[in-house]
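# Structure at a glance
Take a look at the letters that make up each chain.
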Amino acid sequence: MSPDTAPPDLTVIIPTYREEENIGAIVREVSRTLADHSIRGEILVVDDSSPDRTIPLVRDLERELPHVRLVVRSADPGLSQSVVEGFRNARGAVIQVIDADFSHPTTLIPEFFRKIHEGADVVIGSRYTAGGGIGEWPLSRRIISLGATALGRILFPEITDPVSGFFAVRREVVEGAPLQPRGYKILMEVLGKGRWTRAVEIPYTFTNRKEGASKLSFTTILAYAVQVADISAHAFSRREGPAWRELRKILRFALVGLSGIVVNTGILWALTERAGLYYLYSSAVAIETSIITNFLLNDFWTFGGESGHRMGRRIYRFLSFEAVSLGGLVVNMAVLFIGKEIFGIYYLVANLLGILAGFIWNYLVNRNVTWRSLPLDDTQ
Ligand SMILES: Nc1nc2c(ncn2[C@@H]2O[C@H](COP(=O)(O)OP(=O)(O)OP(=O)(O)O)[C@@H](O)[C@H]2O)c(=O)[nH]1
Ligand SMILES: [Mg+2]
């Protein structure tokens, strides 16, 4: 392509490593989809020096199709690194990322493109929203995928598939963003460090690759956990953006919980020592009072800052909070019991684990039920 031609409207990045069986067919299929919808697009294949025939095959395609380009990388191999290299080389105003192995339906690309034009900054192909799905995955892969998704959803609760490999962004989202690509979960990095406000999801069903084996390993999972921690630290230091708004809720919720301990202890002491009440009666009053003060602080402070939709009236939120707190008590005691009786952990230590589990329970259920906000978009 000569440098003086107008830039394309869309860049489709296809990262590849050893994709000789798929690359020709996928490039042609994407190409046809773009032509069918009159989208002026380019296809950017980013390859990590595959030792198979991927590179010569794409070279042939480059000669045959003017809108196909190949970038060959020779250092620091990796899927995320390759996608970021693609971002740097992309000329389109909209950037789409898609796997080479037909896991992602190319026919949806025009819909991604349209959503960006309708105002979305990020469009995510989701396996976990209504209408989406995964193929025949073995149980272990299902569990790992769900775990990774759950971890990601702590920071981006409204996004059902924050680790999807099938997504599109407006170019400004990633341009100049301090991305630190590693591992497989480039979308998390984009959501954590890119500039965006509006994300939209499109359901799709993941199709298994026919050739080759999955590369998922323990190190992949570890790298992902490190990435989530890094994104959290980034959000914390910037104090802006969607991930920061979530982190702030978690921190506030924790502070409110600590204040509840003070209220609980104070009332227990006062009623027992000053009012001469039997300590278990004092405790009942102390617990309920701290639940009420926690609720009020969370309702006005932790979850009160934004104008998002909330479940019904305050009284319903309060009843929900009570029920969730009761559940938290059960979780706390169950972990204490299992830790002590089954794993033989010293009971005070087991109780700390119980408190942590109870906190996670309380936060997640209250965040997503008691103070649930509306879904991101009207598409679901
Ligand atoms: N450039 C580059 N591309 C990669 C690398 N690893 C994977 N890819 C490509 O990234 C896409 C997704 O990789 P897959 O191996 O299909 O990952 P997956 O879908 O999680 O696993 P399976 O399909 O089960 O193997 C494919 O297009 C791969 O060719 C890499 O290290 N560098
Ligand atoms: Mg795949």
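Predicted, not measured: the structure shown is a model, and the values here were computed from it. (Residues numbered from 1 in each chain as written. Chains lettered and ligands numbered in written order. Predicted model: local features only at pLDDT ≥ 70, side-chain atom pairs only at ≥ 80, totals over all residues. Heavy atoms only, no water.)

If you walk through the whole model with that rule in mind, you get 21 salt bridges. Note that Arg63 is salt-bridged to Asp60, the shortest N-O span being 2.9 Å. Taken together, the positions of Arg63 and Asp60, both in helix H2 (residues 54–64) and three residues apart, correspond to about one turn of that helix. A relative accessible area of 64% places Arg63 in the exposed class. Residue Asp60 is classed as partly exposed on the basis of its relative accessible area, which comes to 39%. Close ionic contact of Glu189 with Lys193 constitutes a salt bridge, the shortest N to O distance being 2.8 Å. With Glu189 and Lys193 both in helix H7 (residues 186–193), this residue pair falls four residues apart, about one helical turn. Several salt bridges share partner residues, and in doing so they unite Asp48, Arg73, Glu85 and Arg88 into one network. (Salt bridge = Lys/Arg side-chain N within 4 Å of Asp/Glu carboxyl O. Helix = DSSP H or I, 4+ residues; strand = E, 2+ residues; numbered from the N terminus. Buried < 20%, exposed > 50% of the residue type's maximum accessible area, 1.4 Å probe, protein only.)

Another point: the pairing of strand S7 (residues 199–203). Remember that side chains alternate between the two faces of the sheet whenever the strand is regular. Burial within S7 is extensive, with four of its five residues counted as buried. Bridge count for strand S5 (residues 122–126) against S7 is five bridges, and the pairing is parallel. Pairing of Val123 across the sheet is with Val200, part of S7. (Pairing = 2+ DSSP bridges.)

With that out of the way, let us pick up the sheet that holds strand S6 (residues 167–170). The seven strands are arranged S3-S2-S1-S4-S6-S5-S7 in an open sheet whose pairing can be described as mixed. For this open sheet the edge positions go to strand S3 (68–72) and S7, each flanked by a neighbour on one side alone. Within this sheet the neighbouring strands show an average axis-to-axis angle of 20°, counted without direction. The pairing of S5 with S6 spans three bridges and is classified as antiparallel. Within the sheet, the bridge partner assigned to Val123 lies in S6 and is Ala168. Packing of helix H1 (residues 23–36) onto the sheet brings it into contact with strand S1 (10–16), strand S2 (41–47) and S3, and relative to S1 it is tilted by some 165°. (Axes fitted to C-alpha atoms, helices over the stretch in contact; angles between N-to-C directions. Contact = heavy atoms within 4.5 Å.)

Moving on to the domain arrangement of the chain. Considered domain by domain, the chain is made up of domain 1 (10–236) and domain 2 (243–370). Computed over C-alpha atoms, the centres of domain 1 and domain 2 are 40 Å apart. Taken together, the contacts link eight residues of domain 1 with nine residues of domain 2. In total, domain 1 and domain 2 occlude about 760 Å² of area from one another, counting both sides; carbon and sulfur atoms represent 75% of this. Our count for the domain 1 to domain 2 interface comes out at one salt bridge. Linking Arg367 and Glu158 is a salt bridge whose minimum nitrogen-to-oxygen distance equals 3.2 Å. The interface formed by domain 1 and domain 2 holds one residue pair in polar contact (both at pLDDT 80 or more) in total. Of all elements in the fold, only helix H5 (139–155) and helix H8 (218–238) reach the threshold of two or more residues within the side of domain 1 that touches domain 2. A total of three residues in the side of domain 1 that touches domain 2 trace back to one element, the largest contributor, which is H8. Considering only residue class, the side of domain 1 that touches domain 2 consists of six nonpolar, one polar and one charged. (Domains from an automatic or database assignment. Buried area = accessible area lost by both parts, 1.4 Å probe. Polar contact = N/O pair within 3.5 Å; in protein donor to acceptor, adjacent residues only side chain to side chain. Nonpolar A, V, L, I, M, F, W, Y, C, P; charged D, E, K, R; others polar.)

Here we take up the packing of helix H9 (residues 242–274) against helix H12 (residues 347–370). Running from N to C, H9 and H12 point in directions that differ by 125°, and their axes come no closer than 11 Å. Taken together, the axes of H9 and H12 are oblique relative to one another. Of the two elements, H9 crosses H12, and the hand of that crossing is right-handed. Of the residues in H12, those touching H9 at Glu246, Lys249, Ile250, Phe253 and Ala254 are Phe359, Asn362, Tyr363, Asn366 and Arg367. Split into classes, the residues belonging to the contact of H9 with H12 amount to five nonpolar, two polar and three charged. (Parallel < 35°, antiparallel > 145°, perpendicular 65-115°, else oblique. Left-handed = near helix turned anticlockwise from the far one by under 90°.)

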